[in-house]
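Chain by chain, the residues run as shown.
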Amino acid sequence: MNLMEKHQDKLRLATIILFCLLNIGFGLYAWQMPMLIGGAAGMVYAAVATAGVLHHSARPAEAPLTLSAPAIATEQPAAPNDTESLVRRMLTQSRHALLLRKQVVGNLHEDQFQETCEQLHAHMALVPEGDVVLGKTDKDAEDELGGLPSAMAERRMHVNPLFLDRYTVTNRQYYEFVDAGGYRDMTLWEPKLWAAVLDLVDQTGQPGPAFWQNGRYLPGTEDLPVVGVSWYEAQACARWMGKRLPTDAEWVKAACWPVATGEVAMVQRRFPWGDGLDRSRANLWGSGPNRIVAVTEFPTSASVGGIYQMVGNVWEWSANDFHLSPHQTYGGGDAPLKSIRGGAFDTYFDNQATCQFESGEYPLSRRHNIGFRCAIGTCDLVLDLPQGAPEDHANVELAECEAVHA
Amino acid sequence: MTLRALQPMKSSELAEWTLPVLCYVCEAANSREAEYCRRCSAPMALAHQALGQTARPKMVAILGPSGSGKTVYLGMLMDMLSRQPERLQIVARGAFSIGLQQTTVSALARCEFPAKTSTEPESWNWMHCEIHRKETVVASEPPSFLSRFARFTPRKQRTAVTNKSPCVELVMPDMAGEAILEEVEHPQTYLLVRSLLRNSSAVLLLLDASELSRGQRDPDFAAMKILSCLKELEIQGGAGRKSRRSVALVFTKADQVEGCRENPEGFADTYATGAWQYCRQGFRDYAFFAASVVGGCTWLEVRGEGRRRIPLRIEPHGIIEPFEWILEKLYPQGGP
């Protein structure tokens, strides 16, 4: 807050007093009726304004701060007390995770809470807590890594329980983000990227994925995974939904579904459905129509947890940087790559479409075959409706919750 | 190098061994046991395979400067056609024709590029393959009453009829880019390259699109030199006439260049102006294509080995189309 804003109440009071004095001075002469009337009006205004200033001054300094401006700047907001329509709209926008945040959930009625939970479970699958080994775990890798147990111990990571999207984010879902002004709301984007956001446009120069036109997806592609989005766009959309991108360990755990068979040893699947590449279950080079298909196709591709198309169709952005093998480093000069996983419709080799295979891409690349799915830790959600008196965090207005980002 | 094997003492077979065998590429006479042509160093296995055939296999030259992706293109082409034989079916003739496919695919699957092709002609890989083109023809008989009910429709009408064109044979060498340009600039340095440039029926000219898009003119100049040489070797003293040799100009690494894959001719007009003009003025049949094999690349620093470029994943695009176009030009009727 600058100096003018800080003292604006005092300035306004001084201006009003000066105006009244001038009017009274003119009124004493009484040879101009309009001036008298003006003087009287000025005095009335001064009285009202003074009362207002005093009221403002009486506001306690420790009053709760309002959150930043709502994320949706373009659409007409629901009436302030119309919680029902606001919840409905957010559920339509697949923002169930945002409604279940602990800062927000206290505003929901029981039936709204139940409906939100149902949508969460319909759209996202629970990945249980446990360990996962990242990197190659097959026999060939043992030689490369110089002994499996130690190498596995080094790459063994613990994953906290989380929810992961059952399907990759579709064009239709991403349009909700674009339509809600996601590309204009700078709070969703990392500050270092603000200059680049203006350049994230579609084929017609409108904000949106690289292969859209006029700010919309092409007809007939609404259920296809959104592609042509950079890592930053994926991250911003996930934030808007109240979620985040999954880490490598989370993604691999959801796909491989590891089972610990000893203190160190783990059994992990090569593909979400088992150890063998069944080409009828994945949209890869030579096994599909040589193009991206809808997220609901290849229904037998599901992992144990019920997550679809983790292998094939489109690569998926991960939250982490791309890792080369422990003995290799980047040659310098290039910016760090972000990890992508799962293979795409044009992935040629079977060994590059396994759950463990990791590829990399520049975070600003907007490729034809890279999409994303979102995750959220269970610790960030309230899955039981709080009973009794609302806590302090429940005071947050629901209309403001749209600005709560991960 | 010669083959040493004990021959049975049969006069008829011994007589055969005295007859010279003409090199398939330069047509120089060689002894029967020679492994490589004594003049141009082409493998004599090509000549032996062509001996008993009625139609002589045609040669397609895969040309381009060093690093333009000739080895990767050729290896992937063979592998893709053998894995997905819907449109074209390819059968390698001889074990030596599978070597290039094997080394290329093995390296790419490990996320490595194949080793750089040596400038020694004897170490070059050759592909001699049979190709069957499949043409799908839908039955044109008028629909009968029964055809309204698919269950009762005669099988002949319900399914498309697949015609198999006669088999054609092609020979394609994987030459080193340095050797190609050396021969183009200094004739008679590599006799094998010269013979191939003269005798090839069609040309696949590969240029690195990523280099061109960065404003580097060297690939364009190299293409102009090669095209100039091709035209001179075909039309001796016939200035002004256009070459009848088909040229497919393929921009490789197109995944790294925005817009190249969608409009390769426009890319040529903008970034490879010299080659584009040369094609227009010097050749009757030419076409532009964009191809890519790798989905992403990065530089890798390996301890003790230095810095090298590695592919991050393999996503081939536009590999088969130029080859199909060449085949169409060579065999418009489907076969020899």
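If you're wondering where the values come from, they're calculated on a predicted model, not measured in any experiment.

As a further point, take the overall build of chain A. Of the regular secondary structure elements, chain A holds twelve helices and twelve strands. Within chain A, the proportion of its 406 residues that are buried is 39%. Here the contacts in chain A between residues at least 6 apart in sequence split such that 73% fall between residues at least 24 apart.

What follows concerns the overall build of chain B. Within chain B, the secondary structure is distributed over twelve helices and twelve strands. Within chain B, the proportion of its 336 residues that are buried is 40%.

What follows covers the domain arrangement of chain B. Residue and element names in this part refer to chain B. Taken domain by domain, chain B comprises domain 1 (20-52) and domain 2 (53-330). Taken together, the contact between domain 1 and domain 2 spans 13 residues of the former and 16 residues of the latter. Its residues assigned to classes, the side of domain 1 that touches domain 2 comprises nine nonpolar, three polar and one charged.

So, about the nonpolar core. Residue and element names in this part refer to chain B. Counting 171 residues, the largest nonpolar core has Leu-205, Ile-226, Leu-249 and Ala-275 as its most contacted members. Top contributing element to this core by residue count: helix H3 (residues 70-83), with eight residues. The contacts of Leu-205, once residues within four sequence positions are left out, are Leu-63, Gly-64, Ala-223, Ile-226, Val-247, Leu-249 and Val-250.

All right, on to the sheet that holds strand E9 (residues 338-341) of chain A then. Residue and element names in this part refer to chain A. Across the sheet, which stays open at both edges, the four strands sit in the order E10-E9-E7-E11 with mixed pairing between neighbours. The open sheet has two edge strands, strand E10 (358-361) and strand E11 (370-371), and neither has a second partner. Direction of pairing for strand E7 (residues 315-321) relative to E11: parallel, over a ladder of two bridges. In the sheet register, Glu-316 faces E11, and the bridge partner there is Gly-371. Each of E7, E9 and E10 is contacted by helix H12 (residues 248-256), which is oriented at about 135 degrees to E7, the strand it contacts most.

This part takes up the sheet that holds strand E12 (residues 375-377) of chain A. Residues and elements named next belong to chain A. Ordered by their spatial adjacency, three strands build an open sheet running E1-E4-E12, and the pairing between neighbours is antiparallel. The open sheet terminates on both sides in strands that have one partner only, identified here as strand E1 (124-127) and E12. Across the sheet, the mean angle from the axis of one strand to that of its neighbour is 25 degrees, orientation sign disregarded. Bridging between strand E4 (residues 162-165) and E12 involves three bridges; their strand directions are antiparallel. Each bridged residue has a counterpart across the sheet, and for Leu-162 the counterpart in E12 is Gly-377.

Attention now goes to the packing of helix H9 (residues 218-234) of chain B against helix H11 (residues 273-282) of chain B. Geometrically, a packed helix pair is captured by the angle between its two axes and the distance between the axes. All names here are of chain B. One way to put it is that H9 packs onto H11 with a least axis distance of 7 Å and a crossing angle of 20 degrees. Our classification of the angle between H9 and H11 gives roughly parallel. For the element pair H9 and H11, the recorded crossing hand is left-handed. Between H9 and H11, the residues in contact are Asp-220, Phe-221, Ala-223, Met-224, Leu-227, Ser-228 and Lys-231 and Thr-273, Gly-274, Ala-275, Tyr-278, Cys-279 and Gly-282, respectively. The residue makeup of the contact of H9 with H11, split by class, is seven nonpolar, four polar and two charged.

So, about the confidence of the model for chain B. Residue and element names in this part refer to chain B. Put simply, chain B has an average pLDDT of 83, and 82% of its residues get 70 or more. Every residue in residues 137-162 scores below 50 in pLDDT, and together they form 17 contacts with partners more than four places removed in sequence or on other chains. Interface confidence in the predicted complex, given as ipTM, is 0.82; pTM for the same model is 0.79.

On to the environment of B:Asn263. Following the sequence through the fold, B:Asn263 ends up in the loop between strand E9 (246-252) and helix H10 (264-271). Spatially, the C-alpha atom of B:Asn263 lies 8.8 Å from that of B:Phe288, the residues being 25 residues apart in sequence.

Attention shifts here to the packing of helix H6 (residues 177-185) of chain B against H9(B). Residues and elements named next belong to chain B. Across the interface, H6 lies against H9 with an axial gap of 10 Å and an inter-helix angle of 60 degrees. Taken as axis vectors, H6 and H9 run oblique relative to one another. Taken as a pair, H6 and H9 cross one another with a handedness that is left-handed. Between H6 and H9, the residues in contact are Ile-180, Leu-181, Val-184 and Glu-185 and Ala-222, Lys-225, Ile-226 and Cys-229, respectively. Class assignment for the residues of the contact of H6 with H9 results in six nonpolar, no polar and two charged.

Rules and cut-offs
- Residues numbered from 1 in each chain as written.
- Chains lettered and ligands numbered in written order.
- Predicted model: local features only at pLDDT ≥ 70, side-chain atom pairs only at ≥ 80, totals over all residues.
- Helix = DSSP H or I, 4+ residues; strand = E, 2+ residues; numbered from the N terminus.
- Buried ≥ 20, exposed ≤ 12 C-beta atoms within 10 Å, placed from the backbone.
- Contact = placed C-beta atoms within 7 Å.
- Domains from an automatic or database assignment.
- Nonpolar A, V, L, I, M, F, W, Y, C, P; charged D, E, K, R; others polar.
- Core = buried A, V, L, I, M, F, W, Y, C linked by C-beta atoms within 7 Å.
- Pairing = 2+ DSSP bridges.
- Axes fitted to C-alpha atoms, helices over the stretch in contact; angles between N-to-C directions.
- Parallel < 35°, antiparallel > 145°, perpendicular 65-115°, else oblique.
- Left-handed = near helix turned anticlockwise from the far one by under 90°.
- pLDDT = per-residue confidence, 0-100.

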